[in-house]
Amino acid sequence: MREQLLAAERVKAIDWRDGALHLLDQRALPFAQTWLSYHSVADVAEAIRSMVVRGAPAIGIAAAYAVVLGLRARLQAGGDWRAALQADFDLLAASRPTAVNLFWALNRMRERLDRLKDGDDLLAQLEAEAIGIHQSDREANLTMAQLGAELIRKHQGNAQNLLTHCNAGALATGGFGTALGVIRAVFHDGLLERVYADETRPWLQGSRLTAWELAEDGIPVTVNADSAAAHLMKTRGITWVIVGADRIAANGDVANKIGTYQLAVNAMHHGVRFMVVAPSSTIDMAMEHGDDIILEERAASELLELGGAPIARGVEALNPVFDVTPADLIDFIVTEKGVVDRPDAEKMAQLMCRKRLH
Ligand code: MRU
């Protein structure tokens, strides 16, 4: 299965080449595949803020490579490069608040730097760390794809109609995707009938990114309005909702794209299983409850304008772009360390003590 998935990999969004970071501009998809090149921390921070790169693991990976760019520039400039590099860490940490993978990746880069001694090749060591973060995310996705597909086979072996939200695919990660990794594996198993992709207002990650990724792979996909999800669960034989995550609290509460919470409520009502797929870098054991997670709010114009033209007048708009799904609405959290069934604080703590499965 791992080899089959590797052979089928088509979509890639992050490339580290010739000492620069190259990002597929997600704002231009699906109509143009435009690669942008980055040589400075400030530009990568802006790319994260302005949604060129998005999705929790992808943001973390981009930030890790940005630290390498920062170190190179600071070493070249001379002087107190450590203090200057701290400003780079701070700038990257301020780019988006919710996805913990950003902070996790910055911590890993910081820890590696702190372990190095004068005389070590700092740049080569940090570059190796960033590449390691990227590669291990891709590996984790392959493991999770297999674990998630196994769960689906075990619970209902027949053809599956799956529903997903936002983009949790290759674009949002180091490769293959988290939720879409599982969906790809189910497809390769011959068990997939159709994927329903919530369009995911207001940035339309579902129709612009998820549907594009799946169509590129020849996987049957139908886009639906977010508000159609409950109706589809009732009428289209949806068996599982499968989503990614931006931050998972120590008690198993899951922050993900706005609209995920209402999907979980609806899934429970309709007897549809609810699976969250995320690497352990998305689990924040320092965050006791999901309610403590900072949920990004974006500009009102994202709701009050469509394609640059106003669609409402004289009103305020509230635009939280993430929500928290309580753990008791979740059937499974799938990670590269294993699967947590009906998550709670004790099971999450046990999971985090385990090693990666591959
Ligand atoms: O605002 P975005 O596009 O960065 O939000 C992305 C999501 O919410 C994804 O579902 C989540 O990061 C999971 S990515 C594997």
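Scroll up for the structure.
The present account deals with the structure reproduced in this document. (Residues numbered from 1 in each chain as written. Predicted model: local features only at pLDDT ≥ 70, side-chain atom pairs only at ≥ 80, totals over all residues. Heavy atoms only, no water.)

## Some words on the pattern of salt bridges
Tallied over the full model, the rule gives 19 salt bridges. Linking Arg-184 and Glu-213 is a salt bridge whose minimum nitrogen-to-oxygen distance equals 2.9 Å. Note that Arg-184 is positioned in helix α7 (residues 179-188) and Glu-213 in helix α8 (residues 205-216), a separation of 29 residues in sequence. The pair formed by Arg-184 and Glu-213 is uniform in burial state, with each residue classed as buried. When salt bridges that share partners are traced, they join Arg-10, Arg-184, Glu-213 and Asp-217 into one network. (Salt bridge = Lys/Arg side-chain N within 4 Å of Asp/Glu carboxyl O. Helix = DSSP H or I, 4+ residues; strand = E, 2+ residues; numbered from the N terminus. Buried < 20%, exposed > 50% of the residue type's maximum accessible area, 1.4 Å probe, protein only.)

## Comments concerning the site of the ligand
In the vicinity of the ligand there are 19 residues, among which Ala-56, Arg-96, Gln-205, Asp-246 and Lys-257 approach most closely. Interatomic distance of 2.8 Å between a side-chain N/O atom of Arg-96 and an oxygen atom of the ligand. Between the ligand and Asn-256, the relevant distance is 2.9 Å, taken from an oxygen atom to a side-chain nitrogen or oxygen of the residue. Contact with the protein chains hides 99% of the accessible area of the ligand, taken as 410 Å² for the molecule alone. Elements represented by at least two residues in the shell around the ligand include exactly α3 (56-77) and β9 (254-257). (Near = heavy atom within 4 Å. Polar contact = N/O pair within 3.5 Å; in protein donor to acceptor, adjacent residues only side chain to side chain. Areas by Shrake-Rupley, 256 points an atom, 1.4 Å probe, with all protein chains shown as cover.)

## Examining the sheet that holds β9
Hydrogen bonds between backbone atoms are what pair the strands of a sheet, whose relative direction is either parallel or antiparallel. Read across the sheet, four strands follow the order β11-β8-β9-β14 without closing on themselves; strand pairing throughout is mixed. With partners counted over all chains shown, the strands left at the sheet margins are β11 (283-284) and β14 (322-325), one partner each. When strand β8 (residues 247-249) meets β11, the two strands line up parallel, connected through two bridges. Each bridged residue has a counterpart across the sheet, and for Ala-249 the counterpart in β11 is Asp-284. Together, β9 and β14 form the strand contacts of helix α10 (residues 260-270), whose direction differs from that of β14 by roughly 35°. (Pairing = 2+ DSSP bridges. Contact = heavy atoms within 4.5 Å. Axes fitted to C-alpha atoms, helices over the stretch in contact; angles between N-to-C directions.)

## With respect to the sheet that holds strand β10 (residues 273-277)
With mixed pairing, the seven strands of this open sheet are ordered in space as β6-β5-β4-β7-β10-β15-β16. Across the chains shown, the open sheet's two edge strands, defined by having one partner strand only, are β6 (221-224) and β16 (338-341). The average undirected angle you get between the axes of adjacent strands in this sheet is 25°. The strands that α10 touches are β4 (160-164), β5 (192-198), β7 (238-243) and β10; relative to β10, the one it contacts most, it runs at about 145°.

## Observations concerning the packing of aromatic side chains
Per the stated rule, a full pass over the model turns up two aromatic pairs. Over the ring of Phe-89 we find Arg-110, and its NZ or CZ is 4.4 Å from the ring centre. (Phe/Tyr/Trp six-rings, centres within 6.5 Å; stacked < 30°, edge-to-face > 60°. Lys NZ or Arg CZ within 6 Å of the ring centre and 35° of its normal.)

## Looking at the pairing of strand β1 (residues 14-17)
Regular strands have side chains that alternate between both faces of the sheet. Sheet analysis places β1 next to strand β2 (residues 20-24), joined by four bridges and oriented antiparallel. Its bridge partner lying in β2, Trp-16 is registered against Leu-21. In sequence, β1 turns back onto β2 through a hairpin of two residues, with Asp-18 there showing a positive phi of about 50°.

## Regarding the pairing of β5
When you tally the buried positions in β5, you get five out of seven residues, the bulk of the element. Inspection of the sheet shows β4 paired to β5 by five bridges, in the parallel sense. What sits directly across from Thr-164, in β5, is Ala-197. Each parallel crossover has a hand, and the one from β4 via α7 to β5 is right-handed. Sheet topology note: the β5/β6 ladder contains four bridges and is parallel. Bridge assignment links Tyr-196 to a residue of β6, and that residue is Thr-222. (Right-handed = clockwise from strand over helix to strand, strands pointing away.)

## Quick word on the side chain of Ser-280
With respect to the helices, strands and loops of the structure, Ser-280 is situated in the loop between β10 and β11. There is a polar contact of 2.5 Å between the side chain of Ser-280 and the side chain of Glu-336. Not counting chain neighbours up to four residues away, the residues in contact with Ser-280 comprise Thr-335, Glu-336, Lys-337 and Met-352.

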